[in-house]
Structures are given as structure tokens and as C-alpha cells.
Amino acid sequence: MDRAVDHAMDPATAAFVAHRNLLFTVAYEMLGSAADAEDVLQETWLLWAGVDLHAVRDQRAYLVRITTRQALKRLRTLGRRRESYVGPWLPEPLLTAPDVAEDVELAESVSMAMLLVLETLSPTERAVFVLREVFDLDYDEIADAVGKSQAAVRQIAHRARSHVAARRPRDTVPPDQTRHALQAFKQAVETGDLQRLLDILAPDIVFLADGGGLKQAAPTPIVGADQVAHLLSRLAPAASLQPAHVNGHPALIIRADGHVDTVITVRIDDGLITGLYAVRNPEKLSHMEREITVTR
């Protein structure tokens, strides 16, 4: 069970509460947005409340199916919205507990780097990949959830795996290595030490900043260590960079006037920072004030 269940609850509510964290994680990995994942859970609850529980053989599978279908509908709508998004789009960051990193596969699946890879899949490919590779659902369960045959789902899963494998980080990076890179990055930015920045940035690093048109941010991706280092060396923040755990990995937070202003996460390959992601859009930072539970 995903959380303790109050035995005074009616059976439908008890089942939903028991699996809520799992359902949130499924929706979040499909959508890259905590706000939209919460909306999907509301829709799932409304549909679940009208189900005859006596006809349900596996409540967890049934709830995952409802959540997946609702998330798929929303994902197709979001795709159209993101076409008009101002500047680079990044997933909504989550403040997570340090122990998420102990489940290596879960931590990788909710990382900013992986969520950006998942953005390159079609909605159905993303759903199949998440349900199979992250949550290890059987093909028949996935087929029910996405409305495809088992044979089609197997083909989609193979295609999605190949696509993700070609784009995901090359190796699983231990949290200590990420913390070390972030500490070096923090000191370099705070001191404006250009050479120190160049020492930890990969030559082909990509820097993405998401302001959503609401906060100042680079309007296009910045590529290359020299360009990124020169930009960051001018950004020594008035507020300090604070360590945090975001999306299952060490990260940095900049606060301004007591509020979260920017969340910085990284992708590391071969010991160097190859991806640098800064979320500044205030509409995406509301879930950074309390820890969110993600689970498989």
C-alpha cells in the first residue's frame, strides 16, 4: 500500500487513498506537471467514485487504467498548449525526500533529464514506456489502459525503449557525484570564477531556462561551455544557492524575498554537466514548498 488507510473510510475512498501516491507518480511522469497530475487525480476520483467495486478484480490496476486514460487526454491537450509556450519548456520540479534516490529506477524516471527525454515521445509511446519500464505493468494491463492490442503495445514499447535509450543519460550517476558537481557549480557561480565553471561543464552542454514569459530567462537554448560559463559568471545571485532534493536528485534552489525564485537541476555524463536546467516560471514552483511523495 502507498500510505496508511483509515479503516473508517468507505471502500472506494480507502482504495483511492491507498494508491494515491502511485497514481500521482504515474500522472506526473506522463505529464511532467504536478498541477496537471493533481487535476488528473481529481478526474480519476470522480470516475472511481461511480464504479461498482464488486465488479473490480484488481483495484490498483483499475485505478491506474483510469489515471492513464485521463492523463493521455490531458497530454494531447498540453501538446497543443506547449506549441505556443514562451521560451524553452521544462517540467515542473518537485521537492522530494532524499530517500527517493534509494530507488535508482524511480529516481531516474522522475529526473528532469528523463522527463525531457519522455517529452520527445508521442503520448501513447510515453504512456506505454512509463507503465512498462517504470511501473512494470503487464502488457495486457497496458493494452487496457491505452486502448490498443497487446501486439501493438509490444511494438510501441520496443519503439519507445529504443528512442529513450538513444537519448537518456549514458550512466546512472550516484547522488554523491551529482552533489559534488553541484557544489563545484555553486562555488563557481557565487564567486564568478569562469575557469572553475569551464572545468565542470561539458564542451557541448545545453542550458535551458524556463521563465514562461513571466520571469526573465534565456529565450532559446544556450549551447557550449564557453557561452554557458560566460552567462553564468555574470549571474552571481544576491541570494545564495541552497542545496535541495528535486525530482529524486540533488539540486539547487535560489530564493528571493523568502520565496523560491529558481530551481536548478543538472544532467551529468562522464563526470561533467551536460545539461543545466533552470525553472523560473512562478506557476511551476508552487510544489517546491513541501515534499511530494513519489512511489512505484
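Residues numbered from 1 in each chain as written. Predicted model: local features only at pLDDT ≥ 70, side-chain atom pairs only at ≥ 80, totals over all residues. Heavy atoms only, no water.

What follows deals with the environment of Leu72. By secondary structure assignment, the location of Leu72 is in helix H3 (residues 59–82). The sequence separation of Leu72 and Met30 amounts to 42 residues, and the corresponding C-alpha distance is 7.8 Å. Filtering out sequence-adjacent residues up to four positions away, Leu72 remains in contact with Met30, Pro123, Thr124, Ala127 and Val146. (Helix = DSSP H or I, 4+ residues; strand = E, 2+ residues; numbered from the N terminus. Contact = heavy atoms within 4.5 Å.)

This paragraph deals with helix H9 (residues 175–191). Helix length check: H9, at 17 residues, gives a terminal C-alpha distance of 24 Å against a target of 24 Å (1.5 Å per residue), a fit within 8%. Against the buried residues of H9 lie helix H10 (194–200), helix H11 (225–233), strand S3 (241–246), strand S4 (249–256), strand S5 (259–269) and strand S6 (272–279). At the C-terminal side of H9, Gly192 shows a positive phi close to 70 degrees. (Expected span 1.5 Å × (residues − 1).)

Moving on to the pairing of S5. The buried fraction of S5 amounts to 10 of the 11 residues, a majority that puts the element mostly inside the structure. Two strands pair when backbone bridges link them, and S4 and S5 are joined in this way by 5 bridges, in the antiparallel orientation. Residue pairing across strands places Arg255 opposite Val260, the latter belonging to S5. Remark: 2 residues form the turn of the hairpin made by S4 and S5, two consecutive strands paired antiparallel; Asp257 in that turn has positive phi of roughly 55 degrees. Connecting S5 to the next strand, S6, in antiparallel fashion are 2 residues, including Asp270 with a positive phi near 55 degrees. (Buried < 20%, exposed > 50% of the residue type's maximum accessible area, 1.4 Å probe, protein only. Pairing = 2+ DSSP bridges.)

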